[in-house]
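Structural overview for review
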Amino acid sequence: MKVLVAVKRVVDYNVKVRAKADGSAVDLANVKMAINPFCEIAVEEAVRLKEKGVATEVVVVSIGPKACQEQIRTALALGADRGIQVEVEGDLQPLAIARLLNGVVAKEQPDLIILGKQSIDGDNNQTGQMLAALGSMGQGTFASELVVEDGKVKVTREVDAGLQTLSITTPAVVTADLRLNEPRYASLPNIMKAKKKQLDVYSPADLGVEVSGNIKILKVEPPAERQAGIKVESVEQLVDKLKNEAKVI
Ligand code: AMP
């Protein structure tokens, strides 16, 4: 089984993001970037499938400027076999990403495509679903367990009412939720080995895809600053403040 994993370069989750002064976008100057955490979980799951002998090859793909090769190399250090970068400048919307991924799927013909459930920068939660629709593939989103059985992909999903288990024919799209696994750290020898692994670069034209946007970001602004709290002396004072100042009771 060939597995394709999509990884996105995003601002590291430890960084406190700032909006640009003109409110046009998030300020990315001198900011630490990393693999989107849900994509790291997707890579880990694919590598585990390879270690179990279920996956024969794990190919990782990232769409973005040359810098996203760093995240591809990290995924290769975690155990993926080969990388693909689709070189695109500027911010792309989920539909454009899904179209480009669909182009990679057409070239690579994977049996299973694993994505993160969501990218932590745009919080879109759209790409996996759109990719499945474009490729007429079955999908299992928010996966907390993934098993390959009798050539089918069994996915357990955390839904409001409990756990839902699906059996999906291949090729299948799965999006990884937080509890799917705990990703490993890349060891130094594996980081060195990853530098030598194959990494192909395609343009959207190579994939026969034209990227155009139909959404425009109008404004990016930080949330309102939280006001400092105060300590009250007694329960009576708390009740009084809730009633007469906050007017919530
Ligand atoms: P989103 O729909 O933006 O929340 O992203 C969901 C998932 O789609 C991510 O976790 C990635 O697996 C994949 N994805 C989104 N953008 C990219 C990108 N630029 N390159 C590769 N994969 C991406």
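Look up a bit, the structure's there.
To keep things clear, this report deals only with the structure shown in the data block. Treat the numbers as computed from the prediction; the structure is a model and nothing was measured.

Section: the site of the ligand
Taken together, 17 residues lie around the ligand, and Ala6, Ile63, Ser119, Asn125 and Thr127 are the ones closest in. At a separation of 2.9 Å, an oxygen atom of the ligand approaches a polar backbone atom of glycine 116. Between an oxygen atom of the ligand and a side-chain N or O atom of serine 119, the distance comes to 2.5 Å. Coverage of the ligand by the protein chains reaches 98% of its 480 Å² of free accessible surface. Listed by contribution, the elements that provide at least two residues to the shell around the ligand are strand S4 (57-64) and strand S6 (112-116). Per-element tally for the shell around the ligand: the top contributor is S4, with three residues.

Remarks on the nonpolar core
Judged by nonpolar contacts, the single largest core of 34 residues is most densely connected at Val3, Val5, Leu112 and Leu146. Among the secondary structure elements, those contributing two or more residues to this core are strand S1 (2-6), helix H1 (37-51), S4, helix H2 (69-78), S6, strand S7 (138-149), strand S8 (152-159) and strand S10 (172-176). Ranked by residue count, the leading element in this core is H1, at eight residues.

Section: the environment of alanine 246
Mapped onto the secondary structure, alanine 246 falls in the segment after helix H6 (235-244). Judged by relative accessible area, which is 44%, alanine 246 ranks as partly exposed. A C-alpha to C-alpha distance of 41 Å links alanine 246 and serine 144, two positions 102 residues apart in sequence.

Examining the pairing of strand S9 (residues 162-169)
The pairing of S8 with S9 spans eight bridges and is antiparallel. Note on S9: the bridge partner recorded for valine 155 is leucine 166. Taking the residues that link successive antiparallel strands as the turn, the S8-S9 hairpin has two residues.

Focus: the pairing of S6
Of all five residues in S6, five are buried; the element is thus mostly enclosed. What you see with S6 is no split at all: Leu112, Ile114 and Gly116 on one side and Ile113 and Leu115 on the other are buried throughout. The pairing of S1 with S6 spans three bridges and is parallel. Bridge pairing in S6 places valine 3 opposite leucine 112. Where S6 lies against S10, five bridges are found, and the strand directions are parallel. Looking across to S10, one finds that isoleucine 114 is bridged to valine 174.

Definitions and cut-offs
- Residues numbered from 1 in each chain as written.
- Predicted model: local features only at pLDDT ≥ 70, side-chain atom pairs only at ≥ 80, totals over all residues.
- Heavy atoms only, no water.
- Near = heavy atom within 4 Å.
- Polar contact = N/O pair within 3.5 Å; in protein donor to acceptor, adjacent residues only side chain to side chain.
- Areas by Shrake-Rupley, 256 points an atom, 1.4 Å probe, with all protein chains shown as cover.
- Helix = DSSP H or I, 4+ residues; strand = E, 2+ residues; numbered from the N terminus.
- Core = buried A, V, L, I, M, F, W, Y, C linked by side-chain atoms within 4.5 Å.
- Buried < 20%, exposed > 50% of the residue type's maximum accessible area, 1.4 Å probe, protein only.
- Pairing = 2+ DSSP bridges.

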